[in-house]
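# A closer look at the structure
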Amino acid sequence: MLSYQHIFHAGNHADILKHCVLIHVLNSLNKKDKPYTFFDTHAASGLYDLTDVRSLKTGEAGRGIISLLEKNSENKTDALPTLLQSYLAFIKTYVNDSRYPGSPEIERCFMREQDTLILSELHPQEIENLKMNMKKPCCNKTLPSIKVHNRNGWEMLTALTPPVTKRGAVLIDPSYEESSDYQKAADTICAVHKKWSNGIIMLWYPLLAHREGEIESMLDRICEASRVQNQNIEIADLRFEVFDKNEHKEVSLEEFRKSEGKNPPRLYGSGMLVLNAPWKLEEEVKLVIKNASSCLSQKEDT
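Notes on the structure in this doc start here. (Residues numbered from 1 in each chain as written. Predicted model: local features only at pLDDT ≥ 70, side-chain atom pairs only at ≥ 80, totals over all residues. Heavy atoms only, no water.)

### Quick notes on the overall build of the protein chain
For the protein chain, the count of helices and strands is twelve helices and nine strands. The buried share of the protein chain, reckoned over its 302 residues, is 54%. Contacts spanning at least 24 positions in sequence make up 82% of the contacts within the protein chain whose residues lie at least 6 apart. As displayed, the protein chain offers around 13700 Å² of accessible surface, 47% of which is attributable to carbon and sulfur atoms. (Helix = DSSP H or I, 4+ residues; strand = E, 2+ residues; numbered from the N terminus. Buried < 20%, exposed > 50% of the residue type's maximum accessible area, 1.4 Å probe, protein only. Contact = heavy atoms within 4.5 Å. Areas by Shrake-Rupley, 256 points an atom, 1.4 Å probe, with all protein chains shown as cover.)

### A short note on the pattern of salt bridges
The final tally for this structure, using the stated rule, is eleven salt bridges. One salt bridge in this structure joins Glu216 and Arg239, with 3.0 Å as the shortest N-O distance. Of this pair, Glu216 sits in helix H10 (residues 212-229) while Arg239 is found in strand S8 (residues 235-241), placing the two residues 23 residues apart along the sequence. Of the residues examined, Glu216 reaches a relative accessible area of 27% and is grouped as partly exposed. Taking relative accessible area as the criterion, Arg239 reaches 29% and is therefore assigned partly exposed. When salt bridges with common partners are traced through the structure, they connect Asp15, Lys18 and Asp173 into a single cluster. (Salt bridge = Lys/Arg side-chain N within 4 Å of Asp/Glu carboxyl O.)

### Focus: the packing of helix H4 (residues 65-72) against helix H12 (residues 281-296)
One can describe the packing of H4 onto H12 by two numbers: an axis separation of 9 Å at closest approach and a directional angle of 100 degrees. Taken together, the axis directions place H4 and H12 in an arrangement best described as roughly perpendicular. Across from Ser67, Leu68, Lys71 and Asn72 in H4, the residues of H12 making contact are Asn291, Ala292, Cys295 and Leu296. Residues of the contact of H4 with H12, tallied by class, amount to four nonpolar, three polar and one charged. (Axes fitted to C-alpha atoms, helices over the stretch in contact; angles between N-to-C directions. Parallel < 35°, antiparallel > 145°, perpendicular 65-115°, else oblique. Nonpolar A, V, L, I, M, F, W, Y, C, P; charged D, E, K, R; others polar.)

### Re the sheet that holds strand S4 (residues 116-120)
Across the sheet, which stays open at both edges, the seven strands sit in the order S5-S4-S1-S6-S7-S9-S8 with mixed pairing between neighbours. One side of each edge strand has no neighbouring strand; the edge strands of this open sheet are strand S5 (145-149) and S8. Neighbour-to-neighbour, the strand axes of the sheet open up by a mean angle of 15 degrees, direction not taken into account. Sheet topology places strand S1 (residues 37-40) next to S4; four bridges connect them, and they run parallel. Residue Phe39 lies in a different strand from S4, and its bridge partner there is Ile118. Against the sheet, helix H1 (residues 13-29) makes contact with S1, strand S6 (168-172), strand S7 (200-207), S8 and strand S9 (269-275), and its axis sits at roughly 20 degrees relative to S9, the strand it touches most. Sheet strands in contact with H10 are S7, S8 and S9, and its direction is about 165 degrees off that of S7. (Pairing = 2+ DSSP bridges.)

If you want it as structure tokens, here you go:
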């Protein structure tokens, strides 16, 4: 299915969690001079205009990153968790220009000249936007080698791993509009981890009450298979719940879009599963979640 466009959700609570985890992983990889390879399987366009009518319809950026920035603006920098400081400092420049950077933009800006970034996207409009955005100037620094594939992300990752440069990571961020994505995620990650056991694998997943069984089954299967490979593997499962699961009323994506943001968001939160989690990832992300929860809590809106 090629109907999903992230512009409706750019800068929402799910992006906050996902991108804080991503920044921590990139910072961890950058601690060594050795080059690494980074894969992004569902890259989308990489950069989003928050004044776009689709973004304004849902209002998710306003309730997400914009609210987080506003509520932390008066906090002293040294009072914020280190990871949140890094994230907000990077994001602020874009938001001040009414934009929000997707994961490919974050990746290319944090990576170094010696590193390789491999992006995959199937949507015909998104792939063109991605190619254009990846050519724009970035942070006045030397960019990594960037390869953009108009290709199925699951297939790309399976075919190109393990990379020539064994050090590295992957971000897997499907839309989950197709129920088969839960199975594909488990199949792909189990296969990739088996042949690239030292790669850091990040999987974003939605928290949806009506998909709870499929989500937990997917996560259990991935964790069990990973521990067969290495019983001491570091696995982090980080969840950011913005709404009360038991009170949250879910609607279809179509209903949500037709309501122009008046219906409650479909997700009550989201999660990040990380295999070979870097040192202090769980500790630092939990501090971010604590701060963001106090800023973005919307239980009264459910």
